[in-house]
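# Inside the fold
Read off the chains here:
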Amino acid sequence: MREALREAAEAAEAGEIPVGAVVERDGRIIGRGRNRTEGEKDPTAHAEIEAIRQAAKTLGGWRLTGCRMYVTAEPCAMCAGALVLARVDKVYIGTLNAKGGACASLRDLLGDDRLNHRVEMETGVLRDECEQLMKAFFARLRREKRAYSKGEV
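Presented here is an overview of the structure given in this document.

## Some words on helix H3 (residues 47-59)
- Taking 1.5 Å of rise per residue, the 13 residues of H3 would be expected to cover 18 Å, and the 18 Å separating its terminal C-alpha atoms lies within 8% of that figure.
- Residues of H3 that are buried: Ala47, Glu48, Ile49, Glu50, Ala51, Ile52, Ala55 and Ala56.
- Looking at the packing, one finds that the buried side of H3 touches strand E1 (20-25), strand E2 (28-34), strand E3 (67-73) and helix H4 (77-85).
- Glycine 60 lies just past H3 and shows a positive phi near 80 degrees.

Shown next as structure tokens:
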């Protein structure tokens, strides 16, 4: 999760929502990602998708069986669906996302019995650090917005 936090911090520095993800297999990181939706002007440029793509390329195939993902914030429906489709074994989540999470908060795509694969999940991994990064990012955005509206920028 510390590596995912590093990715998230880089996303924040670039002005992106600070979410980072890594895919690990046999103790080795085979995929990394961080949010790049603003920079890439791409709504699918989420940390999880980036990490899954890189891991699939590393393995030479789309099935990520035997792999685990570490992600700083609960995946959205798109990313949770990608975890299921990629056949990831388990996902470790830092903090939940009450407004958009699709693994535990709003819905549970990872454990839906109607799908052909279920992904194990563990939440709260380095929760405080993950939450602090997110809170600091949005506090900074609010400060910048206030300064802009007052003409201080």
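## Examining the packing of helix H1 (residues 2-13) against helix H5 (residues 127-149)
- Contact geometry of H1 with H5 gives a least axis separation of 11 Å together with a crossing angle of 5 degrees. Taken together, the axis directions place H1 and H5 in an arrangement best described as roughly parallel. Between H1 and H5, the contacting residues are Arg2, Leu5, Ala8, Ala9 and Ala12 on the first element and Glu129, Cys130, Leu133, Phe137 and Arg140 on the second.
- Considered class by class, the residues forming the contact of H1 with H5 number 7 nonpolar, no polar and 3 charged.

## Things to note about the environment of glutamate 129
- In this structure, glutamate 129 sits in helix H5.
- The exposure class of glutamate 129 is partly exposed, given its relative accessible area of 33%.
- Expressed as a C-alpha distance, the spacing of glutamate 129 and arginine 2, which sit 127 residues apart in the sequence, is 9.3 Å.

## Digging into the pattern of salt bridges
- Overall, the coordinates contain 12 salt bridges when judged by the stated rule.
- In this structure, the salt-bridge partner of glutamate 3 is arginine 32, at a minimum N-O distance of 2.9 Å. Taken together, the positions of glutamate 3 in helix H1 and arginine 32 in strand E2 put the pair 29 residues apart, joining distant regions of the chain.
- Looking at arginine 32, the relative accessible area reads 29%, which means it is partly exposed.
- One salt-bridge network, held together by shared partners, links Glu3, Arg6, Glu7, Glu10, Arg32 and Arg34.

## Concerning the packing of aromatic side chains
- Going through the model one piece at a time under the given rule, you end up with 2 aromatic pairs.
- Judged by centre distance (4.6 Å) and plane angle (10 degrees), the rings of tyrosine 70 and tyrosine 92 are stacked. Pair noted here: tyrosine 70 is in strand E3 and tyrosine 92 is in strand E4 (residues 90-95), with a separation of 22 residues, a long-range link. Each member of the pair, tyrosine 70 together with tyrosine 92, is buried.
- Aromatic side chains phenylalanine 137 and phenylalanine 138 sit 5.1 Å apart centroid to centroid with 80 degrees between the ring planes, which places their arrangement in the edge-to-face category.

About the thresholds
- Residues numbered from 1 in each chain as written.
- Predicted model: local features only at pLDDT ≥ 70, side-chain atom pairs only at ≥ 80, totals over all residues.
- Heavy atoms only, no water.
- Helix = DSSP H or I, 4+ residues; strand = E, 2+ residues; numbered from the N terminus.
- Expected span 1.5 Å × (residues − 1).
- Buried < 20%, exposed > 50% of the residue type's maximum accessible area, 1.4 Å probe, protein only.
- Contact = heavy atoms within 4.5 Å.
- Axes fitted to C-alpha atoms, helices over the stretch in contact; angles between N-to-C directions.
- Parallel < 35°, antiparallel > 145°, perpendicular 65-115°, else oblique.
- Nonpolar A, V, L, I, M, F, W, Y, C, P; charged D, E, K, R; others polar.
- Salt bridge = Lys/Arg side-chain N within 4 Å of Asp/Glu carboxyl O.
- Phe/Tyr/Trp six-rings, centres within 6.5 Å; stacked < 30°, edge-to-face > 60°.

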